[in-house]
Amino acid sequence: MALSWSHTVIIVKDEQTMLDFYTRVLGFQVTDRGPIADDRSIIFLSQQPDEHHQVGFLLGRAEAGPSNSVAHLAFRTDDMAELRARIAKLEAEGVAYRPTSHGNTWSVYFQDPEMNGIEIFCATPWHVRQPQGEVWNTRLSDAELRDWTEATFKSEPEFSRQEDYIARRRKELAKT
Ligand SMILES: [Fe+2]
């Protein structure tokens, strides 16, 4: 049996600002909230029906800034239309973002109001050995973007179809 990712809890200073960003800008719903030990409170957020929480806010942090040593939280979209809708929302909200393609993703990176890094990405049809990163043009059409991505990464090691990579990984994992 394998572990699958469920959630991340971050320590938060400004509850209202962070809640507004994660609900209104990113589309999370609050699923529960309440006190825990030490008189601290926790707020649970999710946008997946089968995950009670994908993100938790543990309230009571002294200073706003990147949490501990976590570089970013990453969220996957089902398709490019969803990623484009997310980008349009960030632009409408004036959130600065950095588009980066890892060859196997079309990603955008930005920060929440307390400077925690966030990545939202759509998977490309390909695998390529990591790490990789090139700026991608969010104004390209889906077809243009696929062409650019293939041309940009096809000479990199292990460039292959995503499903072939997954099949290979499945075999490797079955050995353990
Ligand atoms: Fe990432």
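Coordinates for the structure precede this section.
Residues numbered from 1 in each chain as written. Predicted model: local features only at pLDDT ≥ 70, side-chain atom pairs only at ≥ 80, totals over all residues. Heavy atoms only, no water.

## Some thoughts on the sheet that holds strand β7 (residues 105–111)
- Ordered by their spatial adjacency, five strands build an open sheet running β5-β8-β7-β6-β10, and the pairing between neighbours is mixed. Two strands in the sheet have a free side with no partner beyond their single neighbour: β5 (72–76) and β10 (134–135). (Pairing = 2+ DSSP bridges. Helix = DSSP H or I, 4+ residues; strand = E, 2+ residues; numbered from the N terminus.)

## Topic: the nonpolar core
- In terms of nonpolar packing, the biggest core is built from 30 residues, with Tyr 22, Leu 26, Phe 57, Leu 83 and Phe 110 touching the most fellow members.
- For this core, the secondary structure elements donating two or more residues are β1 (8–12), α1 (15–25), β3 (41–46), β4 (55–59), β5, α2 (80–92), β7 and β8 (117–123).
- Per-element accounting of this core gives the leading share, five residues, to α1.
- For this core, the domains that each give at least three residues are domain 1 (7–64) and domain 2 (66–176).
- Not counting the four nearest positions on each side in its chain, Tyr 22 is found in contact with Ile 10, Gly 27, Phe 28, Leu 45, Val 55, Phe 57, Leu 73, Asp 112 and Ile 118. (Core = buried A, V, L, I, M, F, W, Y, C linked by side-chain atoms within 4.5 Å. Buried < 20%, exposed > 50% of the residue type's maximum accessible area, 1.4 Å probe, protein only. Domains from an automatic or database assignment. Contact = heavy atoms within 4.5 Å.)

## Remarks on the coordination of the iron ion
- With distances of 2.0 to 2.3 Å, the protein atoms coordinating the iron ion are His 72 (NE2) and Glu 119 (OE). Residue His 72 is located in strand β5, and its partner Glu 119 is located in strand β8; the two are separated by 47 residues in the primary sequence. (Donors = N, O, S within 2.8 Å, 3.2 Å for Na, K, Ca; no water.)

## Some points on the pattern of salt bridges
- This model, assessed by the stated rule, comprises twelve salt bridges.
- Between Asp 142 and Arg 84 there is a salt bridge; the shortest N-O distance is 2.7 Å. Of this pair, Asp 142 sits in helix α3 (residues 142–153) while Arg 84 sits in helix α2, and the two are 58 residues apart along the sequence.
- Assessed through its relative accessible area of 31%, Asp 142 is described here as partly exposed.
- Take Arg 84: its relative accessible area is 25%, and that puts it in the partly exposed class.
- Each of Asp 20, Arg 24, Lys 89 and Glu 93 takes part in salt bridges that share partners, so that together they form one network. (Salt bridge = Lys/Arg side-chain N within 4 Å of Asp/Glu carboxyl O.)

## A closer look at the pairing of strand β2 (residues 29–35)
- Bridge count between β2 and β3: six bridges; the pairing is antiparallel. Within the sheet, the bridge partner assigned to Gly 34 lies in β3 and is Ile 42.
- Following β2, the chain reverses through five residues before pairing antiparallel with β3; Asp 38 in that reversal takes a positive phi of roughly 65 degrees.

## Considerations on the environment of Ala 96
- Residue position: Ala 96 is located in the loop between α2 and β6 (98–101).
- The contacts of Ala 96, once residues within four sequence positions are left out, are Tyr 109 and Phe 110.

The values are spatial; any link to function lies outside them.
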